[in-house]
Amino acid sequence: MPIYVIIVTSLKPLDEVSLEQMWALPTSIDFSSYVEAFTNLAPNFMNSIYLVVPATLLSALLGAMNGYVLSKWKFKGADILFTFILFGMFIPYQSILIPLIQFLRTIDLYNTIPGLVLVHVVYGLPITTLMFRNFYANIPDTMIEAAKIDGANFLGIFRHIIIPLSITGFVVVAIWQFTNIWNEFLFAVTITTNDNQPIMVALQNLSGSQIVEWNVQMAGALIAALPTLLVYIFLGKYFVRGLLAGSVKG
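Reference entry: report on the structure contained in this document. (Residues numbered from 1 in each chain as written. Predicted model: local features only at pLDDT ≥ 70, side-chain atom pairs only at ≥ 80, totals over all residues. Heavy atoms only, no water.)

All right, on to the overall build of the chain then. Helix and strand counts for the chain stand at 11 helices and zero strands. Written out in order from the N terminus, the α and β elements of the chain read α-α-α-α-α-α-α-α-α-α-α. Its C-alpha atoms give the chain principal-axis dimensions of about 75 × 50 × 25 Å. Within the chain, counting contacts between residues at least 6 apart in sequence, those at least 24 apart form 74% of the total. About 14100 Å² of surface is accessible on the chain, with carbon and sulfur atoms providing 69% of the total. (Helix = DSSP H or I, 4+ residues; strand = E, 2+ residues; numbered from the N terminus. Contact = heavy atoms within 4.5 Å. Areas by Shrake-Rupley, 256 points an atom, 1.4 Å probe, with all protein chains shown as cover.)

Next comes the structure, spelled out in structure tokens:
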């Protein structure tokens with residue numbers, strides 16, 4: 001029902017948008033709200049692309065290497081280190097905003113897309129490490145041992161054995177990270193300003209200060225949600241397959 005209201009409202013001219021006509025179909029289909037919303041959101045849409053793509057790839061790759069080390073190359077204190085990494089999942093964003101902003105200012109990454117990428121990569125490492133560690137636990141240790149006997153080193157085993165076996169794991173992690181980073185608002189609105197802000201902040205700014213053009217707002221919401229929707233449409237079956245990987249044996 002909310003999706004119905006969003007679509008119907010986005011196709012109405014402003015004079016037809018009201019509480020009384022909320023459920024009514026538009027008398028004529030009007031795409032001007034989409035044009036206005038896209039015009040206002042286009043620069044921030046690209047900011048989100050520049051943010052999400054490297055942040056997703058880096059957090060997935062680093063999480064895969066962490067999971068590989070913690071599951072197949074265990075060292076003294078590995079389980080304790082893994083526990084501390086997992087604690088990062090439970091640290092509220094709000095509790096670290098001030099020191100985080102101070103740190104980004106110190107390294108000259110405040111109000112930059114690379115700074116926002118760094119934040120999301122670091123904050124994404126706990127969940128990506130957990131996902132890959134559990135995924136790699138199902139890979140037989142005998143494969144690693146056989147590769148060592150053949151002379152493969154740490155990176156060689158990771159590149160030629162682990163990565164080809166974990167494509168579904170990468171799909172799951174990539175979808176998870178892509179969705180979370182694309183929809184994230186708090187870091188985006190506090191770490192970046194003006195021209196560097198992602199699309200979710202720009203979507204909030206569409207509401208205006210005096211009159212809320214709900215048709216434009218709804219059109220903007222659909223445009224902002226389109227990338228994650230397309231990801232789930234085309235990769236959804238791989239996401240489910242990756243979540244179920246290793247859950248059934250025999």
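Take the packing of helix H2 (residues 32–72) against helix H5 (residues 113–136) next. At a minimum axis separation of 6 Å, H2 and H5 run at an interaxial angle of 35 degrees. Considering only the axes of H2 and H5, their crossing is right-handed. (Axes fitted to C-alpha atoms, helices over the stretch in contact; angles between N-to-C directions. Left-handed = near helix turned anticlockwise from the far one by under 90°.)

Here the focus is the side chain of Thr-192. In this fold, Thr-192 is placed in the loop between helix H9 (186–191) and helix H10 (199–205). A polar side-chain atom of Thr-192 sits 2.5 Å from the main-chain carbonyl oxygen of Ala-188. When near neighbours in sequence (up to four residues on either side) are disregarded, Thr-192 contacts Asn-111, Thr-112, Leu-116, Phe-187, Gln-197 and Pro-198. (Polar contact = N/O pair within 3.5 Å; in protein donor to acceptor, adjacent residues only side chain to side chain.)

Scanning the entire structure with this criterion turns up 15 aromatic pairs. A connected cluster of aromatic rings, assembled from ring pairs, spans Tyr-68, Trp-73, Phe-154 and Phe-158. In this structure, Arg-105 packs its charged tip against the face of Tyr-110, placed 4.2 Å from the ring centre. Across the ring face of Trp-73, the terminal group of Lys-148 is positioned such that the distance to the ring centre comes to 4.3 Å. (Phe/Tyr/Trp six-rings, centres within 6.5 Å; stacked < 30°, edge-to-face > 60°. Lys NZ or Arg CZ within 6 Å of the ring centre and 35° of its normal.)

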